[in-house]
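Here are the chains, one letter per residue:
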Amino acid sequence: MKLRLAKAAAFLAVIAALAIGSSAPSTAGNGLNKHVTRRIALMTSQKAAMDELTSMMAGRSYFDPAKAKAARRLLVKSTGSIRKHFKKPRLDPRSNARPLIWHAWKDFEARADLAQTAAKSLNARTLPGLRRTLPSLMQSCISCHETFRNTPNTFITH
């Protein structure tokens, strides 16, 4: 019973971390740098797929195998293109990428590979399978973001 509660607490912590730091800037389409715009679009599409899967996993929405499989396909394809989108160091005001990416490229590549492996391992056929396999992908995303992503500034009204 204690193990089950610990797993549930860890799962909720991962979801909270994803929700806090993974939204894309609303200025993504203003044309400052087309390569950064594509990177933002890539990460935004991944976030949408992860949001759909975590919502199903957490019971906030019904498990739909067709939607889960579509999200899995998107994640497998998009995680495979992470390296390509970050290959050249391109920064602009909208980017949350740390320059460390290009100084620690081998580590970044390894983390991108882990994300793709985890995406390929997702079991989107059943809810128990999703619950068993999604945390690995979530952890690979969090690990990379903690290392290579700046926390976006929050909007302050006072």
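I will try to describe carefully the structure that is included in this document.

Reading guide: rules and limits
Position numbers for residues start from 1 in each chain and track the written sequence from start to end. With the structure being a predicted model, the display of local features is reserved for residues of pLDDT at least 70 and the display and counting of side-chain atom pairs for 80 or more, all residues being used for whole-chain, interface and lining totals. Based on all heavy atoms of the structure, the side-chain values leave hydrogens and waters out of the count. Patches here: salt-bridge-free residues with over 30% relative accessible area, like charges joined within 9 Å, nonpolar side chains (Val, Leu, Ile, Met, Phe, Trp, Tyr) joined within 5 Å. The protein chains shown are the only cover counted for residues, whose accessible areas, like all others here, come from Shrake-Rupley with a 1.4 Å probe. Salt bridge, as used here: a side-chain nitrogen of Lys or Arg that lies within 4 Å of a carboxyl oxygen of Asp or Glu. Under the counting rule used here, the positive set is Lys and Arg, the negative set is Asp and Glu, and His together with the chain ends is not counted. The atom standing in for a charge is NZ when the residue is Lys, CZ when it is Arg, CG when it is Asp and CD when it is Glu. The helix count covers DSSP runs of H or I at least four residues long, the strand count covers runs of E at least two residues long, and both are numbered beginning at the N terminus. Take the residue count of a helix, subtract one, and multiply by 1.5 Å to get its expected span. For every residue, the accessible area obtained with a 1.4 Å probe (protein chains only) is divided by the maximum for its type, and the residue is called buried under 20%, exposed over 50%, and partly exposed between those limits. Should any heavy atoms of two residues lie within 4.5 Å, those residues are counted as being in contact. For every element, the axis is a line fit to its C-alpha atoms; helices are fit only across the contacting stretch, and the angle between N-to-C directions ranges from 0 to 180 degrees. By the definition used in this description, the sense in which the near helix is turned from the far one sets the handedness, with an anticlockwise turn below a right angle giving left-handed and a clockwise turn giving right-handed. Residue classes follow a fixed rule: Ala, Val, Leu, Ile, Met, Phe, Trp, Tyr, Cys and Pro count as nonpolar, while Asp, Glu, Lys and Arg count as charged, and any other residue, Gly among them, counts as polar. Buried residues of nine kinds, namely Ala, Val, Leu, Ile, Met, Phe, Trp, Tyr and Cys, make up a nonpolar core once their side-chain atoms join them within 4.5 Å.

**Regarding a positive patch on the surface**
Okay, step 1: Together, Lys34, Arg38, Lys77 and Lys84 make up a positively charged patch on the protein surface.
Okay, step 2: Position of Lys34 among the secondary structure elements: in helix H2 (residues 34-58).

**Comments concerning helix H6 (residues 105-120)**
Okay, step 1: A rise of 1.5 Å per residue sets the reference length of H6, with its 16 residues, at 22 Å; its end C-alpha atoms lie 22 Å apart and thus fit the reference within 8%.
Okay, step 2: Three or more residues of H6 are buried, namely Trp105, Phe108, Glu109, Arg111, Ala112, Ala115, Gln116, Ala118 and Ala119.
Okay, step 3: Elements in contact with the buried residues of H6: helix H3 (65-80), helix H4 (82-86), helix H5 (100-103) and helix H7 (127-148).

**Structural notes on the packing of H2 against H3**
For any two helices packed against each other, one specifies the crossing angle of their axes together with the interaxial distance.
Okay, step 1: Contact pair H2 / H3: the axes reach a minimum separation of 9 Å and the direction vectors enclose 145°. The hand of the H2/H3 crossing is left-handed. Taken together, the residues of H3 that come into contact with H2 (itself represented by Leu42, Ser45, Gln46, Ala49, Met50, Glu52, Leu53 and Met56) are Lys67, Ala68, Ala71, Leu74, Leu75, Ser78 and Thr79.
Okay, step 2: Grouping the amino acids of the contact of H2 with H3 by side-chain chemistry returns 9 nonpolar, 4 polar and 2 charged.

**What to know about the nonpolar core**
Okay, step 1: One finds Met50, Leu53, Leu75, Leu122, Leu130, Leu134 and Leu137 to be the most contacted residues of the largest nonpolar core, which totals 19 residues.
Okay, step 2: Secondary-structure elements contributing two or more residues to this core are H2, H3, H6 and H7.
Okay, step 3: Membership of the second largest hydrophobic core comes to 11 residues, among which are Leu42, Ile82, Ile101 and Trp102.

**With respect to the pattern of salt bridges**
Two side chains bearing opposite charge may form a pair once their charged atoms approach each other closely.
Okay, step 1: Under the criterion given, the structure shown has 6 salt bridges.
Okay, step 2: Among the ionic pairs, Asp92 bridges to Arg94, the shortest N-O distance being 2.7 Å. For the pair shown, Asp92 and Arg94 are each scored as buried.
Okay, step 3: Close ionic contact of Arg111 with Asp107 constitutes a salt bridge, the shortest N to O distance being 3.2 Å. Of this pair, Arg111 and Asp107 both sit in helix H6, separated by 4 residues, roughly a single helical turn.
Okay, step 4: For Arg111, a relative accessible area of 19% puts it in the buried group.
Okay, step 5: On the basis of relative accessibility, which here comes to 31%, the residue Asp107 falls in the partly exposed class.
Okay, step 6: Each of the salt bridges in this network shares a partner with another, and the network as a whole consists of Arg83, Lys106, Glu109 and Asp113.

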